[in-house]
Structures are given as structure tokens and as C-alpha cells.
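Geometric and topological summary
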Amino acid sequence: MNSSSSNFIFSSELSNIPKVFDWLESKLFKLIKNQDKKNTLSLVIQEALANAIIHGNKENKDKNVTLSYCIDKSQISIEVKDEGEGVAIENKQKDSEHIKTEDLLKDSGRGIILMKHFCKDVIFKKNSIKLIVEL
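Residues numbered from 1 in each chain as written. Predicted model: local features only at pLDDT ≥ 70, side-chain atom pairs only at ≥ 80, totals over all residues. Heavy atoms only, no water.

Quick look at the side chain of S12
Assignment of secondary structure puts S12 in the loop between strand 1 (4-11) and helix 1 (17-27). We classify S12 as buried; its relative accessible area is 1%. A distance of 2.6 Å separates the side chain of S12 from the side chain of N57, its partner in a polar contact. Setting aside anything within four residues of it in sequence, one finds S12 in contact with I53, N57, E59, N60, K61, K63, N64 and V65. (Helix = DSSP H or I, 4+ residues; strand = E, 2+ residues; numbered from the N terminus. Buried < 20%, exposed > 50% of the residue type's maximum accessible area, 1.4 Å probe, protein only. Polar contact = N/O pair within 3.5 Å; in protein donor to acceptor, adjacent residues only side chain to side chain. Contact = heavy atoms within 4.5 Å.)

The structure is reproduced here in C-alpha cells:
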């Protein structure tokens, strides 16, 4: 597989997420043959996008979210950037090793736990999150 990268910028509306996934299907997902890996990527990207729109940009349609990816032979790096204040320290410290069933059923707070569980690494920057997934 050759290296590939791209980005997509959209306004902070949950209704834009299907458009982002259409873009991902035409760009990134078609490069990945393993269906389980596609499912994992879909889940972690969905959670990161929802967090950026809801928690980062507070669903302000005048603010944008940028999704970018870079894929190489062994891993995919996905970055989701919003125009918010950044992830709270207590959310950054959530631990996927001690996940409880009730945590997964909550409306809020499970996204970072799921990302940490399914990704090789989760890197927090001021107002972005970078997900590293092994191929």
C-alpha cells in the first residue's frame, strides 16, 4: 500500500457526519481491505467527530471541524481538529483498561474510552485529537 493523505473541512453540524463518511469511503476506506479494520476506524472516527462537534465547537455551525488522515504501510494516523477550548484533563485521563459496561451505555464520556481501547495511541493537542491505528 502506498502512502496517502487527505483532509476534509466541514461545519459543526451532526448532519454533516454522513457526508464525511461518504468522503472517507471514497478516499481512505477503499484502501483498506480488512473489514474489521474498517469497522474499527468507523467507530473511532465517529466518536472523534461527535466529540469535536458537540463538546469542542458546542454545535456552533459557524465553527469548523477538520478531519485529516495519513496512511502508510503499517498504520493510519487520523486527526480531528475543532475550534474549541480543548479536551478537559479528566477526559484525557480516562482509562480503557478499567472500562465498565455502564460506561459504554452512557450518552457522554464513552468516546475517549473507545478511542483508547481501539487505537494504538491517542494523542491530545490543544484542540485536536490524533488517533493512531495499526493496519
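So that's the structure; there's more coming.
A look at the pairing of strand 5 (residues 128-134)
With respect to burial, strand 5 is a largely interior element, 5 of its 7 residues being buried. With 7 bridges joining them, strand 3 (residues 75-81) and strand 5 adopt antiparallel strand pairing. Residue V80 lies in a different strand from strand 5, and its bridge partner there is I129. The pairing of strand 4 (residues 121-125) with strand 5 spans 5 bridges and is classified as antiparallel. When the bridges of strand 5 are listed, K125 appears paired with S128. Hairpin remark: strand 4 followed by strand 5, antiparallel, with 2 residues in the connecting loop. (Pairing = 2+ DSSP bridges.)

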